[in-house]
Amino acid sequence: MFISIEGRHATAGLAQGTNEMQVPTEIVFQNCEPSETLRAEVERQVARLEKFSGRITSCRVVIRAPETRHRHGDAYRIELRIALPAHQDVVVNRTHGDEEEDEHPLVAVSKAFAAAQRQIEDAMREMRGDIKEHVAPDHGRVARFVAGEDYGFIEASDGRELYFHRNAVLNNAFNSLAVGDEVRFVESEGEKGPQASSVRPIGKHHLT
């Protein structure tokens, strides 16, 4: 697996009054050679987000090419982690979609940043007090994991299954989770619908 990691500032075209990120944008290429076109698109998208919100302190972007490019439906996977002060990180994990156009990495990058902007908008409203800051956590059980991937599904108390990613599990406890473990979590709106964030394992004992 080819991996290239580099950090770059994305400050070109920033609106007056916005703050430069505290650390350079980190761009990681996996299973593919570094691309100047993709790098430029990431920097453009980061600069656009900084215009939208000057509170961003860091951004990490992983561009993962499919290992078997000859198979139809294999698409680039884009992972974003954006840090905001006084708020949990904004995390986006775009896997391949149903549309053929998603196979183009520029489209995948654009859609990932669009999803990140929606999350940042929610975070800004929360920090302004436009929405309730302290959401009572729901509870459920780990229903299943997807083999070889960094995500799984939680069965909520109302019977629905919610997607969750390893980055949403507090205290880096993803690897210690097992099917059937009870967890508390905050439901949030993800790119493809409701998902679980701020997942906290609480064991297998009965919840009251």
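Keep in mind the model is a prediction, meaning the values are calculated, not measured.

When you look at helix H2 (residues 105-128) in this model, what are you seeing that I'm missing?
With 24 residues, H2 extends 34 Å between its outermost C-alpha atoms, agreeing within 8% with the 34 Å of an ideal straight helix rising 1.5 Å per residue. Listing the buried residues of H2 in full gives Pro105, Ala108, Val109, Ala112, Phe113, Ala115, Ala116, Gln117, Ile120, Ala123 and Met124.

Just to check I follow, could you spell out the pairing of strand E7 (residues 151-156) for this structure?
Two faces belong to every sheet, and in a regular strand the side chains alternate between them. A large share of E7 lies buried, amounting to five of its six residues. Where strand E6 (residues 138-145) folds back onto E7 in an antiparallel hairpin, the turn is made up of five residues, including Gly148, whose phi is positive at roughly 80°. Bridge count for E7 against strand E8 (residues 161-165) is five bridges, and the pairing is antiparallel. The partner of Glu155 across the bridge, within E8, is Glu161. In this antiparallel pair of consecutive strands, E7 and E8, the connection spans four residues, and Gly159 shows a positive phi of 95°.

Can you walk me through the pattern of salt bridges in this structure?
Think of it this way: side chains of opposite charge can pair up when their charged atoms draw near. Applying the stated criterion across every chain yields a total of twelve salt bridges. Measuring nitrogen to oxygen at the nearest pair gives 3.1 Å for the salt bridge that ties Glu161 to Arg144. On the criterion of sequence distance, the pair formed by Glu161 in strand E8 and Arg144 in strand E6 is long-range, its members being 17 residues apart. Of the residues examined, Arg144 reaches a relative accessible area of 37% and is grouped as partly exposed. Asp150 is the partner of Arg166 in a salt bridge, and the nearest nitrogen-oxygen pair spans 3.3 Å. One end of the pair, Arg166, is in the loop between E8 and strand E9 (182-190); the other, Asp150, is in the loop between E6 and E7, with 16 residues separating them in the sequence. Given a relative accessible area of 28%, Asp150 falls into the partly exposed group. Taken together, the salt bridges that share partners define one network made up of Arg64, Arg77, Glu79 and Glu149.

Is there a simple way to explain the packing of aromatic side chains in this structure?
In this description, an aromatic ring pair is defined by two values, namely the gap between the centres and the angle between the planes. According to the stated counting rule, one finds six aromatic pairs in the structure shown. Here Phe145 and Phe174 contribute two aromatic rings whose centre-to-centre distance is 5.7 Å and whose plane-to-plane angle is 90°, an arrangement assigned as edge-to-face. Of this pair, Phe145 sits in strand E6 while Phe174 sits in the loop between E8 and E9, placing them 29 residues apart in sequence. Overall, Phe145 belongs to the partly exposed group, its relative accessible area being 29%. On the basis of an interplanar angle of 80° and a centroid distance of 6.4 Å, the ring pair of Tyr151 and Phe153 is categorised as edge-to-face. Across the pair, exposure class does not vary: Tyr151 and Phe153 are buried alike. Here a set of aromatic residues connected by ring pairs shows up, and it is made of Phe145, Phe164 and Phe174.

I would appreciate a short explanation of the packing of helix H1 (residues 36-52) against H2 in the present structure.
In a packed pair of helices, the relevant descriptors are the angle between the two axes and the axis-to-axis distance. Interhelical geometry of H1 versus H2 gives an angle of 15° and a closest axis separation of 10 Å. Comparing their axes, H2 and H1 come out roughly parallel. Pair H1 / H2 crosses with right-handed handedness. Each of Thr37, Leu38, Glu41, Val42, Gln45, Val46, Arg48, Leu49 and Phe52 in H1 lies in contact with H2, whose residues at this interface are Pro105, Leu106, Val109, Ser110, Phe113, Ala114, Gln117, Ile120, Glu121 and Met124.

How should I be thinking about the confidence of the model for the protein in this particular structure?
Low pLDDT means the predicted coordinates in that region are not meant to be read closely. Across the protein, the average pLDDT comes to 78, with 74% of residues at 70 or higher. Within the protein, strand E2 (residues 25-30) carries the highest mean pLDDT (93), whereas strand E1 (residues 3-8) carries the lowest (57). pLDDT under 50 marks residues 9-19. Its contacts with residues more than four places away, or in other chains, come to 22 contacts.

Quick question: what am I supposed to make of the environment of Ser53 here?
Inspection of the secondary structure assignment puts Ser53 in the loop between H1 and strand E3 (58-64). For Ser53, a relative accessible area of 3% gives the class buried. Spatially, the C-alpha atoms of Ser53 and Gln117 are 9.2 Å apart, while their sequence positions differ by 64 residues. When sequence neighbours within four positions are dropped, the list of residues in contact with Ser53 reads Ile120 and Met124.

Cut-offs applied
- Each chain carries its own residue numbering, running from 1 in the written order of its sequence.
- At least 70 in pLDDT is required for a residue's local features to be given in this predicted model, at least 80 for side-chain atom pairs to be given and counted, and no such filter applies to totals for whole chains, interfaces and linings, which use all residues.
- The side-chain numbers reported here are obtained from all heavy atoms of the structure, hydrogens and water having been left aside.
- Elements are defined by DSSP. Helices are runs of H or I of four residues or more, strands are runs of E of two residues or more, and each kind is numbered from the N terminus.
- Expected helix span is taken as 1.5 Å per residue step, with the number of steps being one fewer than the number of residues.
- Any residue under 20% of the maximum accessible area for its type is buried, any over 50% is exposed, and the rest in between are partly exposed; the area is computed with a 1.4 Å probe on protein chains only.
- The pairing criterion for strands is at least two bridges between them, as found by DSSP.
- What makes a salt bridge here is a side-chain nitrogen of Lys or Arg within 4 Å of a carboxyl oxygen of Asp or Glu, nothing more.
- Centre distance within 6.5 Å is the pairing criterion for rings of Phe, Tyr and Trp, where only the six-membered ring of Trp is used; planes under 30 degrees apart are then read as stacked, over 60 as edge-to-face, and the remainder as tilted.
- Think of each axis as a best-fit line through the C-alpha atoms, taken over the contacting stretch in the case of a helix, with angles from 0 to 180 degrees between the N-to-C directions.
- The labels follow the angle: roughly parallel below 35 degrees, roughly antiparallel above 145, roughly perpendicular from 65 to 115, and oblique for the rest.
- The handedness criterion is simple: a crossing whose near helix is rotated anticlockwise from the far helix by less than a right angle is left-handed, and one whose near helix is rotated clockwise is right-handed.
- Any two residues whose heavy atoms approach within 4.5 Å are treated as being in contact.
- Per residue, pLDDT captures the predictor's confidence, and it can take any value from 0 to 100.

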